[in-house]
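Here is what each chain is made of, one letter per residue.
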Amino acid sequence: MIVKARRVETVSVAFGLCILALGAPAWADKTLEPWAQTGFLELVEDEVVGSVTFAPDSGAVAASVRRGGLYFGRVWSSETGLQLGFLAAPFRALLEHEFTPAGDRVYAHTETEFRAWAVDTGAQTSNFMFDGDHAVNDVMFYADHFLATKQFGGAEFWSDTGVKVTFAGLDAMRPYQEITVTDSDLVYLKSAGFTLHLDLAGFDPATMDLIDVDGSFGPYAPLLAVAADGGMIATYPEVDGDGLSSAPEPTVRIWQDVPTWAPDGTPMTEITGFEGDIVAAEFSDDDTQLLTLSDTGNVVLWRVSDGAQLASVSTSGDPITGAKLAKGGTFVLSYTSGAAALFDLSTGGIVQSFPAPASDIAISPDGTKMVTYSVGAAPARIWQRTTP
């Protein structure tokens, strides 16, 4: 499972990430169980769930549901698992649903169409088609509008009535992919060959032109991770074994004060010595550490200030479908077999196991709740954190 870049929140969770096709570390003895199962998401017989997303206040979750050839959208309490809302006229697919920052609406999209619903009533609040011939890759809610990135053609702001209110043409030949909105209103757009940032502080999509906001096409490498306040990012240049690019070996670059970035600027830190290609990374909540995952199954924690390696866990065996790091220096790995387990980052030992289906994981923004599930399967289990 690969999660789209979303709004970065300053929370007590150490860090979170998702990885694909890695392997499981050697199992060790359980020493404690910091997560207690408190229930299941309410489903009727023969229903299966799609991707599960937590509300910003951690009190609810949303997902699409399939029963036979029928599709539904649901919102549940993350405390009890009981259904809170039933979304009218959902998409006929197990799509990811996102909450708006206020938590009063959820929305979903395909490459060509967008829909949103009120959480309290389930009534549809938006339903429109994106214009143009290019596919939409990501959508994020900002300033009462929806920011969409396209495979080609740039970024656009849409109203909830389906009116395109402003756009930035950018480089029409490049794909614009995941969107990350930070606490400081800096918005990052991942693209091929560079990272675009926009300063949207005070920006009103209804009256201002997106192309006029402050920002830059840099650094010249794809985005890998963003700190919560937006002032620090990690990039990962494409690797060229012949030395024809700026990174002849896997290299993660940490950039500070990105809004003042210039083409002749130098990164704060360069990290090398990776075992394989980097598939995901995330900053710690205090921005002092960076966690990386490689395609060889190596999990490494680095110190941001100087690139020193602080901890490392190697994995091999059953391919991993997802991973999330949680409180207390632990992380959850889920496998293609449907099993999942919690590990101690410092020792690599198993702390707790979770029953199948658990090939997908969602952890709440406040770090106190978790849902283990598998897309296209049932049940979905709710867990509560029992230790700090």
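Coordinates for the structure precede this section.
Figured I'd write up the structure that's included with this text. (Residues numbered from 1 in each chain as written. Predicted model: local features only at pLDDT ≥ 70, side-chain atom pairs only at ≥ 80, totals over all residues. Heavy atoms only, no water.)

A few points about the overall build of the protein chain
Reasoning step 1: Along the backbone of the protein chain there are zero helices and 33 strands.
Reasoning step 2: Sorting the 388 residues of the protein chain into buried and exposed places 54% on the buried side.
Reasoning step 3: Sequence-distant contacts in the protein chain: of pairs separated by 6 or more residues, those separated by 24 or more amount to 47%.
Reasoning step 4: Carbon and sulfur atoms provide 51% of the accessible area of the protein chain, an area that totals close to 15400 Å². (Helix = DSSP H or I, 4+ residues; strand = E, 2+ residues; numbered from the N terminus. Buried < 20%, exposed > 50% of the residue type's maximum accessible area, 1.4 Å probe, protein only. Contact = heavy atoms within 4.5 Å. Areas by Shrake-Rupley, 256 points an atom, 1.4 Å probe, with all protein chains shown as cover.)

Re the packing of aromatic side chains
Reasoning step 1: Taken as a whole, this structure holds 15 aromatic pairs when the rule is applied.
Reasoning step 2: Between Tyr107 and Phe146, the ring centres sit 5.3 Å apart and the planes meet at 70 degrees, which makes this aromatic pair edge-to-face. Highlighted residues: Tyr107 in strand β8 (residues 105-109) and Phe146 in strand β12 (residues 145-150), separated in sequence by 39 residues. Taken individually, Tyr107 and Phe146 each receive the classification buried, so the pair is uniform in this respect. (Phe/Tyr/Trp six-rings, centres within 6.5 Å; stacked < 30°, edge-to-face > 60°.)

As for the sheet that holds strand β22 (residues 269-271)
Reasoning step 1: Pairing is antiparallel across the open sheet formed by four strands, whose spatial order is β19-β20-β21-β22. Where the open sheet ends on each side, the last strands, each with one partner, are β19 (223-226) and β22. Averaged over neighbouring strand pairs, the angle between their axes works out to 20 degrees when direction is ignored.
Reasoning step 2: As judged from the three bridges shared by strand β21 (residues 252-256) and β22, these two strands associate in the antiparallel manner. Paired with Arg253 across the strands is Glu270, a residue of β22. (Pairing = 2+ DSSP bridges. Axes fitted to C-alpha atoms, helices over the stretch in contact; angles between N-to-C directions.)

Focus: the environment of Phe54
Reasoning step 1: For Phe54, the location among the structural elements is in strand β3 (residues 53-54).
Reasoning step 2: The exposure class of Phe54 is buried, given its relative accessible area of 10%.
Reasoning step 3: Sequence separation between Phe54 and Val371 is 317 residues; the distance between their C-alpha atoms is 9.2 Å.

What to know about the side chain of Ser58
Reasoning step 1: Within the fold, Ser58 resides in the loop between β3 and β4 (60-67).
Reasoning step 2: When its relative accessible area of 1% is taken as the criterion, Ser58 is described as buried.

Quick notes on the nonpolar core
For soluble globular proteins, nonpolar side chains are generally found buried alongside one another.
Reasoning step 1: One finds Tyr107, Phe114, Phe130, Val139, Leu189, Leu200 and Leu210 to be the most contacted residues of the largest nonpolar core, which totals 28 residues.
Reasoning step 2: When contributions to this core are tallied by element, the ones reaching two or more residues are β9 (113-118), β11 (136-142), β12, β13 (155-158), β15 (176-181), β16 (186-191) and β17 (195-199).
Reasoning step 3: Top element by residues in this core is β11. It accounts for five residues.
Reasoning step 4: One finds Ala225, Ala227, Ala281 and Trp302 within the second-largest nonpolar core, a separate group that totals 17 residues. (Core = buried A, V, L, I, M, F, W, Y, C linked by side-chain atoms within 4.5 Å.)

Re the pairing of β4
Reasoning step 1: Counting buried positions over the eight residues of β4 gives six, a clear majority of the element.
Reasoning step 2: Relative to β4, strand β2 (residues 47-49) runs antiparallel, the two sharing three bridges. When the bridges of β4 are listed, Val48 appears paired with Arg66.
Reasoning step 3: The pairing of β3 with β4 spans two bridges and is classified as antiparallel. Following the sheet pairing, Thr53 is matched in β4 by Ala62.
Reasoning step 4: The hairpin formed by β3 and β4 contains five residues between the paired strands, and Ser58 there has a positive phi angle of roughly 70 degrees.

Thoughts on unusual backbone geometry
Reasoning step 1: With an omega dihedral of 0 degrees, the bond running from Ala356 to Pro357 counts as a cis peptide bond.
Reasoning step 2: Mapping Pro357 onto the fold places it in the loop between β30 (350-354) and β31 (360-363).
Reasoning step 3: In this chain, Ala378 is followed by Pro379 through a cis amide linkage whose omega measures 5 degrees.
Reasoning step 4: By the element assignment, Pro379 lies in the loop between β32 (369-373) and β33 (381-385).

Some remarks on the pattern of salt bridges
Reasoning step 1: Applying the stated criterion across every chain, the model contains eleven salt bridges.
Reasoning step 2: The salt bridge partner of Lys369 is Glu79, with a shortest N-O separation of 3.2 Å. Taken as a pair, Lys369 in strand β32 and Glu79 in the loop between β5 (70-77) and β6 (83-87) lie far apart in primary sequence, 290 residues in all.
Reasoning step 3: The class for Glu79 is partly exposed, based on a relative accessible area of 46%.
Reasoning step 4: Each of Asp131, Lys150, Glu156 and Lys164 takes part in a single network of salt bridges with overlapping partners. (Salt bridge = Lys/Arg side-chain N within 4 Å of Asp/Glu carboxyl O.)

Observations regarding the pairing of β15
Reasoning step 1: Here β15 pairs with β16 via four bridges, running antiparallel. Residue Val181 lies in a different strand from β16, and its bridge partner there is Val187.
Reasoning step 2: Here β15 hands over to β16 after four residues, with Asp185 in that stretch at a positive phi of 70 degrees.

Looking at the sheet that holds strand β25 (residues 298-303)
Reasoning step 1: Taken together, the four strands give an open sheet; going across it, the order is β23-β24-β25-β26, and neighbouring strands pair in antiparallel fashion. Since the sheet does not close on itself, it has two edges, and those belong to β23 (278-283) and β26 (309-314), each with one partner. Neighbour-to-neighbour, the strand axes of this sheet turn through a mean angle of 15 degrees, independent of strand direction.
Reasoning step 2: Inspection of the sheet shows β25 paired to β26 by five bridges, in the antiparallel sense. Within β26, the residue paired with Asn298 across the bridge is Ser314.

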